[in-house]
Each structure stands twice: as C-alpha cells, then as structure tokens.
Amino acid sequence: MSDAGTTLPGGKNAAGSDSCPPPVGARHRLRGAHFLQLARGGGGRDAVAALRSAQRSRRLVLLRALVESADRYVPWHASLPAAQKAWELLAGAETADRDAVESVLLHPSVGSWLARTLRELRSEGDAGPAPAVLRDAARVHALAAAAALRARVPFRTAVPLTEHGVLLPSLGYATIPGNPADPVAEVFRDHGGSGVRCSSGTVPLPADLTRDAPGWWALRRLRAPGAEPAGAPLLDDLDPWRHFLRRLPVARLDEDETREWRRLYEDAWPLVAEQRRIDPQGLADCLLAVTPLPDRSPAEVFSGSDPEAFGGLLLTRPARPVDLAVALVHEAQHSKLSTLMDLVTLLHGGREETHYAPWRADPRPLRGMLHGVYAFLGVAAFWFALRERPGTTDAERAVADFEGALRRGQVEEGLGTLWAEAVLTHDGERFLRVVEGSLAAVLKETVPAAAALAAEEARDDHRMVFRLSQLSCDSAQAEAWAAALADGTPAPPAFPDVTLRTGPLTSDVRTRLVRIRIGDRERFEGLRADPGSVGAAPADYAWAAGDRGAALSGYRRLIAENPADPAAWAGLALSLPEGRARGMLLHRPELVAAVYRLLLLRGRPQPPQTLAALIAEAAARGATAD
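Predicted model, so just to flag it, every value in this text is computed and none were measured. (Residues numbered from 1 in each chain as written. Predicted model: local features only at pLDDT ≥ 70, side-chain atom pairs only at ≥ 80, totals over all residues. Heavy atoms only, no water.)

Peer 1: Any details on the overall build of the chain? Residues and values, ideally.
Peer 2: Helix and strand counts for the chain come out as 23 helices and 16 strands. Its C-alpha atoms give the chain a radius of gyration of 28 Å, near enough to 25 Å, the size a compact globule of 626 residues would have. Projected onto its principal axes, the C-alpha coordinates of the chain cover approximately 90 × 60 × 55 Å. Taking all 626 residues of the chain together, 55% fall into the buried category. Look at the contacts in the chain between residues 6 or more apart in sequence, and 68% of them connect residues 24 or more apart. Here the chain has roughly 26500 Å² of accessible surface; of this, 51% comes from carbon and sulfur atoms. Distance between charge centroids for the chain: 2 Å, based on 74 positive and 77 negative side chains. (Helix = DSSP H or I, 4+ residues; strand = E, 2+ residues; numbered from the N terminus. Rg over C-alpha atoms; globule rule 2.2 N^0.38 Å. Buried < 20%, exposed > 50% of the residue type's maximum accessible area, 1.4 Å probe, protein only. Contact = heavy atoms within 4.5 Å. Areas by Shrake-Rupley, 256 points an atom, 1.4 Å probe, with all protein chains shown as cover. Lys, Arg positive; Asp, Glu negative; His and termini not counted. Charge placed at Lys NZ, Arg CZ, Asp CG, Glu CD.)

Shown next, in the form of structure tokens:
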C-alpha cells in the first residue's frame, strides 16, 4: 500500500457483484529517514503521517473483513440493512471528504471495536455468532453514519441503540426521548438538517457537532490555548469501546470534573510542546483521545494503551500537570512503536511471558520489553529536558533528576535483556542500535549522587520484590540448603533452580513514597500520619524518610508476622548496611526467604539478616572449595 493510503472501493466491483473486494494497492513502505527518526525515539509529522496512513489502511482491511463476515448471517435486527450498505455509505462519504472518513476510522475506539468484534465473528463455530456479537457488528452502521455526517453528504440509515441513545463514533451521543419500542433508530441528513429519529421522537443534531445541544452530547476536546504545536485529543467519556479491556457505560463527566481535566491539560501540554528530544508535533499527531478512568490510588497514576487503538490513552486523573505530560509522552511512544511494528518486523516470536521487566510487577514477553524500552527512553528524555525549563524549582529539578535516573537505568537493563534474549531481524538490530545511541546520550546526563542512589535502590527494590513474588525455588534443593544450615554440614554446591510461578503482584510502594518525599515533603508527612491511605506500612515511611534503623526493626516485625511478604523482605534488604547479608538478599532473596520458612518449620529459626549472611558465607566456602 502506498504512503497515500488505501482508497475505499465503491459499492460494486468490476464484475458487478454486490460484494466489494478488500482494499488493495501498493504496499506501505516506511522511508529510511522516518525509520531512523522513530528509532531515535522521535518522529516528526511526516514520519507519523506514514504511520497514520498505514493504520488507516489496516482499519479498512479489518472493516472490509467484518462487513463480509457479518453479511454471512441475518442482521441482528430486521430493521438493520446488510453491513454492505454501511460500506457503500462510507465509500460515498470518502468521495466527498476523505479526511472526514479518516477521522472516524482512526478514532481509537473504532480500532478496539473492529479487532474484538471481528475475532468474535470468526470464532463462533458452527452455531454462528451470538446475538450480542451480531449487535456489536451492527455498529458498522453507526460508523458509516458518523463519517457521512462529518462529510456532510445526504443519507439515511438505521443504527442500533447504545443504552438509551445513539453513539456516533468520534462525534458524540444522541439521547433518545421517551422509551422507544424498537432498539434501532434512524440517523439522517438532508436539506433540512440532520438528526436521529425513532419511534419515541426525533433528536435534531446541531450544525456544529462539536458542541452540546438539547439531546446531544458532543465529545469534548482537551486544548492548551497558545501552545505550539497544539495537541487537542478528545476527552472520550461516551463510547462503550473506549476501554480496550472491557465495555464501559456511557458516563458523561460532570462539569467540575471536565474543568479539572481541561485545567490539567492546559498546564501539561506546554511541557510536552517545549520538548526537543522528542518531536512534539509528531507526538501530538499520535494523541487522538483520552479516556478518563476512576482513580485507583492517591499515590499513583495509571495509564494504558493498546496496539489496536492507535492514539488512544486510558488514564486516571493525575494530581499534577507533569504527571499528565509524562503519560502523554509514554503512551504516544507506545502508539508509534505498535504501528511501526505493523510495518517492519523487528523480532521473531517474543510472545512468551517469561522475562523480568524493570518496570512491571509481572513477567513480560520480549515484545513487551521492547515497548517498555522504547516508551521509557522517551520518558527519561522528557525528565532530563524538563530540568532545563526556565523557572523550574529546586523540588521539581530533584524529581526530574530522580525520575530521569530511574527510567534510564530501567531502559539500560531492559535493553540488555533484548540483546541477550530476543531473536532480532536485521531491521530489529538496526532499530536497537539506534535506541542504544539515544540511551547513550541520556546516560551522559549528570545527576546528584542522592538522586542516583535513590534510583538505584528503587531498581533493586523492584527486582527483589519480583524475584520474591514471581520466582519459586526448587523445593528439594531448598530443603537441602535448610538441612545444611540447620545441621552445620557443607552447603550444596549450587543455588537452587528457580521457576516462574503465578504469585500475587506487589506494587512499588516505597518508590512511590520516595517520589512524593522528593517532590512534596509536606504531602509526604501528611500521608505518613495516615500510613494506610496508600497501602504503606510505617516501616516503608521510615525507610523513605531515611531512618533505616526504624525501618529495619519494622521489617523484622513484618517478616515475623508474615514470612512470605515480598515487600517486607525487600525492605529489610534495603535497610541493611553494605555486607554479605545485604548482597545475598539483593541477588537471591527468594532463597533466603524460602530457607527461613523451612527453618521455622524445623523449629530452628534464624533472624532474617543472620540467615542471609550464613547463606552468603556457605556459598563463599563452597566456591573456595571448588
């Protein structure tokens, strides 16, 4: 397919059949200069335009497949036409205004809907799709209606109701008056205007569909007036497919919440627009819609994106504009890489969830590792660039030092795993070499010793918690170590083998507390007065405040209460002074914890740090004997 993208075929093919072939054309090819821009972590408007063109063609191919799959069955409701009619309406809309069709096709929720519904249509077996799946497929008519409204062409089509109204992707939601008897409404546009009509009444649509009107909720935008370049993603609180993991109800944000999101964005986008390491204009073109989610924790922000929903961002409302800016950078990087990997094969396989990622609590596939390396490299560059912004306070600079040091260290570790484990293509090797060059520039950034130490300890903490919660020692080999230590006999010649297990995930509570303490000491002390508010123990606050003695005592008590607590074991290690005990816990915490529990069962308990030192000494004696 060409860089210009695929043109939507008309209603009939050359043979006069009522069925259209899938879109065809020259293959999309990414220019070498654009590939290098993207590999460096950037990518300007032209490079991102090539990605968007490829994404548009992909959506059309999926849409055509959905139309053909759906039309093998009777429509979900007798009032609905065949899906082919929606395809023909889209073709007519594209003839009038190609950009109008593209804006609907590239709406993030359209990608989520297309991918999931097509999979369900094709996996129903001999019995055929369930009614709910056919109803989902009927959304194609709402998609076509939205495109026709944007293109301002006359049309009339039936669409399924969504809850008590009609959802028009990328535009908004028409609330139906009364209680319609039919679950299908008609959307139209003629010389008299446009509207939504059903058995219980008609909702006139405003001439400007970006503004609310009686019976019409328009999708609102986030804007930062005066910021150049101007990013303006939609604030999507309406589309049931806006969440890529589950359906959400139509849930209009109230005016206070909307104002707060707009205020945050107005302050956050200039932080992105001033970037020079990541092209802000290309980044803006990758941010199409933000879906607000309920807060999960007062101490952290959740953000997420999905390869099927290019330009879409799930986000809990951040407390600070800078947190929103980081989320925008992070998720835009994911969108760029996802679409790049549709065009260029960078690695083979890499789907097994067996690898440690320094930013995730669960094992990850190598493809996920590549995504994390790419996204967090952009985040690290953002933080270091933020330090250069005029007017930055000492506290803001301290946060940027810590965050930049933390993220670049994570990227360096993840990149090492990719080089060691991934089966890379030639293009994949080229890509990683360029990424490596960008990382080298970030690694040259100097940070104060305190920030560097805090970042190193955060990474150590994360790695230990992962090993303690996700790795399991071979039980017989661990028993042999416990027996040797209990009986005073020589230790086994090797550490026990470890395997992945499905353990509970543990959050980075100490790192979050350090982040808060560095940036807002007053808030930290306020949280410390109510430690349960963020799921942290008093020992965690003591450690984050630098009182390692109190932290050590607290973690000993926590381990005595629950010897299987990964966070307590990792906290104990971080609170210990340099020495054999700390070193053993840093590198083999799962062994120390396993042997500790076995000795408890034998009635031969040892203090945790004493045990760690004994294991280290036994291992050293064994190595010397060899």
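Continuing now.
Peer 1: A description of the packing of aromatic side chains should follow, citing residues and the corresponding values.
Peer 2: Under the defined criterion, the tally for this structure stands at 10 aromatic pairs. The interplanar angle of 75° and the centroid separation of 5.7 Å between the aromatic rings of phenylalanine 382 and tryptophan 383 together place this pair among those described as edge-to-face. On the basis of relative accessibility, which here comes to 0%, the residue phenylalanine 382 falls in the buried class. Here phenylalanine 524 and tyrosine 541 contribute two aromatic rings whose centre-to-centre distance is 5.6 Å and whose plane-to-plane angle is 50°, an arrangement assigned as tilted. With phenylalanine 524 in helix 17 (residues 521-528) and tyrosine 541 in helix 18 (residues 538-545), the pair connects residues that are 17 residues apart, well separated along the chain. Of the residues examined, tyrosine 541 reaches a relative accessible area of 0% and is grouped as buried. Cluster of aromatic residues (ring-pair linked, three or more members): Phe35, Tyr374 and Phe431. Sitting over the face of the ring of tryptophan 87, arginine 64 holds its NZ or CZ atom 4.9 Å from the ring centroid. Here the guanidinium or amino end of arginine 197 rests over the ring plane of phenylalanine 188, the centre of that ring lying 4.2 Å away. (Phe/Tyr/Trp six-rings, centres within 6.5 Å; stacked < 30°, edge-to-face > 60°. Lys NZ or Arg CZ within 6 Å of the ring centre and 35° of its normal.)

Peer 1: Give me the lowdown on the pattern of salt bridges, citing residues and values where you can.
Peer 2: Side chains that differ in charge, positive against negative, can pair when their charged atoms come close. Going through the model one piece at a time under the given rule, you end up with 46 salt bridges. Note that aspartate 136 is salt-bridged to arginine 247, the shortest N-O span being 2.5 Å. One end of the pair, aspartate 136, is in helix 6 (residues 131-137); the other, arginine 247, is in the loop between strand 9 (234-235) and helix 8 (255-273), with 111 residues separating them in the sequence. A salt bridge links glutamate 413 to arginine 459, with the nearest nitrogen and oxygen atoms 3.2 Å apart. Residue glutamate 413 is located in helix 12 (residues 394-421), and its partner arginine 459 is located in helix 14 (residues 449-470); the two are separated by 46 residues in the primary sequence. Through salt bridges with shared partners, one network takes in Arg52, Arg56, Glu94, Arg98 and Glu102. (Salt bridge = Lys/Arg side-chain N within 4 Å of Asp/Glu carboxyl O.)

Peer 1: Which residues make up the pairing of strand 4 (residues 184-190), and what values do they have?
Peer 2: Counting buried residues along strand 4, five of its seven residues qualify, which places the element largely inside the surrounding structure. Pairing between strand 1 (residues 155-160) and strand 4: six bridges, direction antiparallel. In the strand pairing of strand 4, threonine 157 is matched with valine 187. With five bridges joining them, strand 4 and strand 5 (residues 193-198) adopt antiparallel strand pairing. Counterpart to aspartate 190 in the pairing with strand 5 is glycine 193. Linking strand 4 to strand 5, which pair antiparallel, is a turn of two residues. (Pairing = 2+ DSSP bridges.)

Peer 1: Any chance you could break down the nonpolar core for me, citing the residues and the numbers?
Peer 2: By size, the foremost hydrophobic cluster in this structure holds 132 residues, and its most contacted members are Trp269 and Phe431. Top element by residues in this core is helix 11 (residues 366-386). It accounts for 13 residues. Apart from residues lying up to four places away in sequence, phenylalanine 431 is in contact with Phe35, Leu38, Ala39, Leu337, Leu340, Leu346, Leu370 and Tyr374. Counting residues in hydrophobic clusters, the runner-up holds 54 residues, among them Val67, Ala93, Ala146 and Leu171. (Core = buried A, V, L, I, M, F, W, Y, C linked by side-chain atoms within 4.5 Å.)

Peer 1: Run through the pairing of strand 12 (residues 312-316), naming residues and quoting values.
Peer 2: In the case of a regular strand, side chains alternate between the two sheet surfaces. Most of strand 12 is tucked away: five of the five residues are buried. Both strand 10 (residues 289-293) and strand 12 contribute to a ladder of five bridges, which runs parallel. In the strand pairing of strand 12, leucine 293 is matched with threonine 316. By the bridge criterion, two bridges tie strand 11 (residues 303-304) to strand 12 in an arrangement that is antiparallel. Bridged to glycine 304 within strand 12 is leucine 314.

Peer 1: Run through the sheet that holds strand 4, naming residues and quoting values.
Peer 2: Spatially, 1-4-5-6 is the arrangement adopted by the four strands of the open sheet, whose pairing is antiparallel. Because the sheet does not close on itself, it has two edges, and the strands there are strand 1 and strand 6 (201-205). Here the average twist between neighbouring strands, direction ignored, is 20°. The strands that helix 7 (residues 139-151) touches are strand 1, strand 4, strand 5 and strand 6; relative to strand 1, the one it contacts most, it runs at about 145°. (Axes fitted to C-alpha atoms, helices over the stretch in contact; angles between N-to-C directions.)

Peer 1: Quick rundown of the packing of helix 12 against helix 16 (residues 509-519)? Include the residues and the values.
Peer 2: Look at helix 12 against helix 16: their axes get within 8 Å of each other, and the N-to-C directions meet at 150°. When the axis of helix 12 is compared with that of helix 16, the two are roughly antiparallel. On helix 16, the residues that touch Ala395, Ala398, Val399, Phe402, Glu403, Leu406 and Arg407 of helix 12 are Thr511, Val514, Arg515, Ile518 and Gly519. Taken together, the residues that form the contact of helix 12 with helix 16 break down as seven nonpolar, two polar and three charged. (Parallel < 35°, antiparallel > 145°, perpendicular 65-115°, else oblique. Nonpolar A, V, L, I, M, F, W, Y, C, P; charged D, E, K, R; others polar.)

Peer 1: Can you tell me about helix 1 (residues 32-39), naming the residues and giving the values?
Peer 2: Taken together, the buried positions of helix 1 are His34, Phe35, Leu38 and Ala39. Looking down the long axis of helix 1, one finds its buried residues gathered within 135° of arc, a one-sided arrangement. In this structure, the buried residues of helix 1 make contact with helix 2 (45-70), helix 10 (321-343), helix 11 and helix 13 (426-443). Downstream of helix 1 by a residue or two, glycine 41 has a phi angle that is positive, lying close to 105°. (Arc of directions from axis to C-beta.)

Peer 1: Break down unusual backbone geometry for me, with residues and values.
Peer 2: Trans is the prevailing form of peptide bonds, just as negative phi is the prevailing case for residues other than glycine. In the segment running from glutamate 228 into proline 229, the intervening peptide bond is cis, with an omega of -5°. The topology assignment puts proline 229 in the loop between strand 8 (220-221) and strand 9. A positive phi angle, near 55°, is found at glutamate 163, a position not held by glycine.

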